[in-house]
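Remarks on the overall topology
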Amino acid sequence: KMNSVMNRIAYLLITVFLLLLLGCSSPDNDAPAVDRPTNTVSPLADPIITPTPTAEPIIEQADLIFHNGILLTMEDGFPTAQAIAIQGDRILAVGSDEDVLVLIGPDTEVIDLNGQTLLPGLADGHAHMLWVPPNMTLDEVQDIVFSYGFTSLNEMSADNGYIESLLQAEADGRLRLRVNVFPNYNSSRLNDERESDILEFWFPEHAPILDSDRMLRIPGIKFFVDGDGTPARGCPARRDPYSELSISSDWFPRACGSIYGDLYWDQTDLNQAVAAVQAAGFRAAFHAMGDRGIETALNAIEFALNGESNLFYRHQIQHSSILEPDLLERYVSEDILSSVRGYFNTCSQDSYHTEWASNRYALPGAGVHAYLETDTRWIGDIHDITWSSTLNSMVQLFGLVTKQQIQADGSVCMPDPWIAKHVITVDQALYMMTYEPAYAVSQEDVLGSLTPGKYADLVILSEDPHSVAPGNLKNLEVRMTMVGGKVEYCKGGHEALCPNLQPLIQSQEEPEAGPTEIPPEAVTIKIFKKEPTTVSAGTPIVISIGWAANTEEQLIDFLNAISFTATLDSQSLAGLNDNWSEISTFESNYGDGLNYLSSWEYSLGVLSPGTHQIEITGTLAWTITDGFSSSEDGSLEQYSGEVMNYTLIIYVEE
């Protein structure tokens with residue numbers, strides 16, 4: 001009997017021991033405890049928790065948190081959030097204030113957005129910004145790009161010298177933008193036989209550079225398929241002849257090689273070239289403006305893919321200017337990517353004579369991967385909000401949504417129905433400026449949306465684009481631009497939004513003036529600048545303009561012909577015409593030849609505090625002495641009259 005009792009006690013002890021060893025399930029939850037999240041950080045991702053053997057999980061701490069804002073995530077379905085946490089150069093978490101603020105640690109910097117809008121850094125899917133002009137530095141150009149909220153550029157057209165300069169800048173740590181370069185396969189200009197020379201820059205000697213941890217990548221090769229309507233490049237290639245109105249115009253015989261425009265490629269030759277580029281691991285990007293040019297590019301893509309999906313290779317067409325309905329259907333069915341100019345030339349809409357010049361705006365609604373193309377390049381004032389290639393991102397957004405264009409007097413050109421019917425929503429437009437350019441270069445895993453794990457490339461806007469009237473989108477301000485967790489632009493007066501800047505500004509003391517004090521550096525202002533410029537009292541001011549030409553003879557003709565007259569606050573300025581620099585050369589925007597440049601600079605000295613107005617006029621008395629002219633057709637021309645008239649406002653602060 002005693003043995004029976006002892007057996008029962010032993011059995012009971014063993015049972016208790018096993019229960020303690022294995023644990024018990026909660027009566028109101030049958031799931032194992034280890035499968036239940038103990039903290040929710042982001043509605044867009046799994047909770048970010050460091051597993052430990054202790055009973056209480058340790059939550060990662062953020063280096064930086066923005067909260068109390070409107071976060072446009074650009075994720076599928078366009079969800080919004082209130083706060084974002086950053087650790088190092090990556091996004092740690094996105095969600096509500098309540099969820100994200102738990103990541104504050106002793107060293108976390110916390111920024112109150114006060115209701116302002118934060119979204120992924122903007123991306124320009126087709127630009128020519130890094131052909132740095134001779135009178136500027138790479139740093140200055142990047143600062144301009146950052147001031148408009150762009151954190152990455154897809155640079156279309158490059159030669160080997162251009163690529164080598166960017167590789168060196170990257171190696172030296174001077175490349176702060178994320179840059180994707182597409183070197184040229186062939187020339188953008190026609191030779192004397194009206195043919196495009198084969199250049200093969202970078203390819204086939206080099207492989208693609210696809211590492212998204214690098215600032216510089218080379219994911220694709222650029223093909224020029226047809227012209228653009230200029231004498232040097234010919235005209236967009238059409239399937240039907242140009243209209244009688246066009247053919248009878250003075251410009252047509254100077255620009256176009258035939259009544260069908262200018263097609264640069266035989267179809268078989270282009271097929272083989274694109275297939276070779278694809279086999280080497282590159283995607284192809286095609287300059288194709290006319291419907292025949294687009295069709296030729298589509299046929300080459302189809303040949304290279306040989307039945308495979310383009311969603312992997314991501315060949316793409318730039319401009320898509322005359323996209324007829326059957327071609328649009330091919331874009332959809334064949335998964336073609338396309339750039340779309342954000343800012344339509346609505347003020348010139350009467351000269352287009354075809355509604356197929358605007359239906360590319362229908363691509364986002366048709367499900368096509370379409371991305372912003374500013375086509376910004378240094379042949380005009382990139383700040384000019386009347387120019388369709390302006391770098392002003394909010395004007396590009398305004399153009400995408402409204403199809404309106406601003407004139408020099410501030411009035412707005414309204415689109416005709418054939419343009420206006422191609423409606424794009426604010427969400428679609430922002431998607432074209434964030435996610436889609438990243439997708440075009442296969443970087444959507446690290447850029448383009450506010451997603452934990454992606455790079456902390458961010459921009460802060462003054463207001464939510466959804467909350468302002470479409471006509472006021474152009475007035476939105478970029479207040480902060482960040483790349484990889486580092487502030488690259490901070491708008492004056494908004495330092496509180498910019499991490500690591502506000503404490504520094506507050507701690508700085510005015511240096512004591514002494515006999516060795518260095519005088520302030522002069523500020524140079526382009527005379528075509530539309531917006532007023534503010535400078536500090538005591539700062540020397542220089543006004544400047546540059547003039548470029550395709551040949552040295554053309555530039556000499558211009559310099560011999562131009563003269564300036566100007567007034568400062570209604571008082572005439574003297575000595576204006578002897579300030580041109582020596583002629584220098586620089587690579588063209590398309591990497592296939594030299595341009596010639598001279599810069600004009602005039603010192604205004606130090607102006608008194610207050611508002612100053614400069615009126616400057618350039619007058620040309622064009623005398624041809626050597627057979628060259630202002631155009632590229634070789635014909636002799638004479639011209640006398642005003643060629644530029646600018647008003648420049650300068651505010652000198654106390």
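Each remark here, short or long, concerns the structure printed above.
Residues numbered from 1 in each chain as written. Predicted model: local features only at pLDDT ≥ 70, side-chain atom pairs only at ≥ 80, totals over all residues. Heavy atoms only, no water.

Comments concerning the overall build of the protein
A tally of regular secondary structure across the protein gives 16 helices and 34 strands. For the protein, with 654 residues in total, the buried portion stands at 50%. Put simply, of all contacts in the protein between residues at least 6 apart along the chain, 70% involve residues at least 24 apart. When the accessible surface of the protein is summed, it comes to about 29,800 Å², and 51% of that surface belongs to carbon and sulfur atoms. (Helix = DSSP H or I, 4+ residues; strand = E, 2+ residues; numbered from the N terminus. Buried < 20%, exposed > 50% of the residue type's maximum accessible area, 1.4 Å probe, protein only. Contact = heavy atoms within 4.5 Å. Areas by Shrake-Rupley, 256 points an atom, 1.4 Å probe, with all protein chains shown as cover.)

Brief notes about the state of the cysteines
Cysteine pairs can be linked by a disulfide, which is a covalent bond between their two sulfur atoms. As enumerated under the stated definition, the model contains three disulfides in all. Each disulfide pairs two cysteine sulfurs, and for Cys490 the partner residue is Cys498, the sulfurs being separated by 2.1 Å. What sets the handedness of the Cys490 and Cys498 disulfide is the S-S torsion sign, and at about 95° it is right-handed. What makes Cys498 buried here is its relative accessible area of 1%. The connectivity of the disulfide bonds within the protein can be written as 1-2, 3-4, 5-6, using the sequence rank of each bonded cysteine. (Disulfide = S-S within 2.5 Å.)

Describing the pattern of salt bridges
Under the defined criterion, the tally for this structure stands at 23 salt bridges. The residue Asp143 makes a salt bridge to Arg176 at a minimum N-O spacing of 2.9 Å. Placement of Asp143 in helix 3 (residues 138–147) and of Arg176 in the loop between helix 4 (160–171) and strand 12 (178–182) is noted, with a sequence separation of 33 residues between them. For Asp143, a relative accessible area of 35% translates into the label partly exposed. The partner of Glu355 in a salt bridge is Lys421, with the nearest N and O atoms 2.7 Å apart. Note that Glu355 is positioned in the loop between strand 19 (337–341) and strand 20 (370–373) and Lys421 in the loop between helix 12 (417–420) and helix 13 (426–432), a separation of 66 residues in sequence. Take Glu355: its relative accessible area is 28%, and that puts it in the partly exposed class. Connected via shared salt-bridge partners are Arg238, Arg239, Asp291, Glu295, Glu324 and Asp326. (Salt bridge = Lys/Arg side-chain N within 4 Å of Asp/Glu carboxyl O.)

Brief notes about the side chain of Gln278
Mapped onto the elements of the fold, Gln278 is located in helix 7 (residues 267–279). Beyond its immediate chain neighbours, meaning those up to four positions away, Gln278 contacts Ala304, Leu305, Tyr313 and His315.

Concerning the nonpolar core
Leu130, Val181, Phe223, Phe286, Ile317 and Tyr331 are the most contacted members of the largest nonpolar core, which totals 104 residues. Per-element tally for this core: the top contributor is helix 8 (residues 291–305), with seven residues. Sequence-distant contacts of Phe223, that is, excluding residues within four places in its chain, are made with Tyr185, Asn186, Trp265, Leu270, Ala273, Val274, Val277, Ala284, Ala285, Phe286 and His287. Among the nonpolar cores identified, the runner-up in size contains 26 residues, and Ile525, Phe564, Trp600 and Leu620 belong to it. (Core = buried A, V, L, I, M, F, W, Y, C linked by side-chain atoms within 4.5 Å.)

Let's talk about helix 8
For helix 8, with 15 residues, the first-to-last C-alpha span of 21 Å sits near the 21 Å given by 1.5 Å per residue. When helix 8 is considered as a whole, its buried residues turn out to be Asp291, Gly293, Ile294, Thr296, Ala297, Leu298, Ala300, Ile301, Ala304 and Leu305. (Expected span 1.5 Å × (residues − 1).)

Observations concerning empty space enclosed by the protein
Counted according to the given criterion, the structure contains two cavities of 30 Å³ or more. Considered as a void within the structure, the largest cavity measures approximately 90 Å³ in volume. The set of elements that each furnish at least two residues to the lining of the largest cavity consists of strand 10 (122–127) and strand 11 (150–156). Per-class residue counts for the lining of the largest cavity are eight nonpolar, six polar and one charged. Empty space within the second largest cavity amounts to approximately 30 Å³. Lining the second largest cavity are Ala123, Ser152, Asn154, Asn180, Pro437, Ala438, Val441, Gln443 and Leu447. (1 Å grid on protein atoms, 1.4 Å probe; cavity = no way out; pocket = protein on both sides within 12 Å on 5 of 7 lines; lining within 4 Å. Points joined across faces, edges and corners; volume = space filled by probe spheres on them. Nonpolar A, V, L, I, M, F, W, Y, C, P; charged D, E, K, R; others polar.)

Details of the packing of helix 8 against helix 10 (residues 325–333)
At a closest axis distance of 11 Å, the pairing of helix 8 and helix 10 adopts a crossing angle of 25°. One way to sum up the angle between helix 8 and helix 10 is to call them roughly parallel. In this structure, helix 8 crosses over helix 10, and the sense of that crossing is left-handed. Taking contact as the criterion, the partners of Asp291, Ile294, Glu295, Leu298, Asn299 and Glu302 in helix 8 are, on helix 10, Leu327, Arg330 and Tyr331. (Axes fitted to C-alpha atoms, helices over the stretch in contact; angles between N-to-C directions. Parallel < 35°, antiparallel > 145°, perpendicular 65-115°, else oblique. Left-handed = near helix turned anticlockwise from the far one by under 90°.)

A look at a negative patch on the surface
Together, Asp192, Glu193, Glu195 and Asp197 make up a negatively charged patch on the protein surface. Structurally, the position occupied by Glu193 is in the loop between strand 13 (186–190) and strand 14 (196–198). (Patch = residues over 30% accessible without salt bridge, like charges linked within 9 Å, V, L, I, M, F, W, Y side chains within 5 Å. Lys, Arg positive; Asp, Glu negative; His and termini not counted. Charge placed at Lys NZ, Arg CZ, Asp CG, Glu CD.)

As for the sheet that holds strand 7 (residues 90–95)
Strand pairing in a sheet is mediated by backbone hydrogen bonds. Such pairs are either parallel or antiparallel. Across the sheet, four strands lie side by side as 7-6-3-8; this open sheet has mixed pairing. Looking at which strands have only one partner, the edges of the open sheet turn out to be strand 7 and strand 8 (109–112). Averaged over all pairs of adjacent strands, the angle between their axes in this sheet comes to 15°, without regard to strand direction. Two elements, strand 6 (residues 83–87) and strand 7, share five bridges in a ladder whose sense is antiparallel. Within the sheet, the bridge partner assigned to Ala83 lies in strand 7 and is Gly95. (Pairing = 2+ DSSP bridges.)

Coordinates in, geometry out; function isn't part of it.
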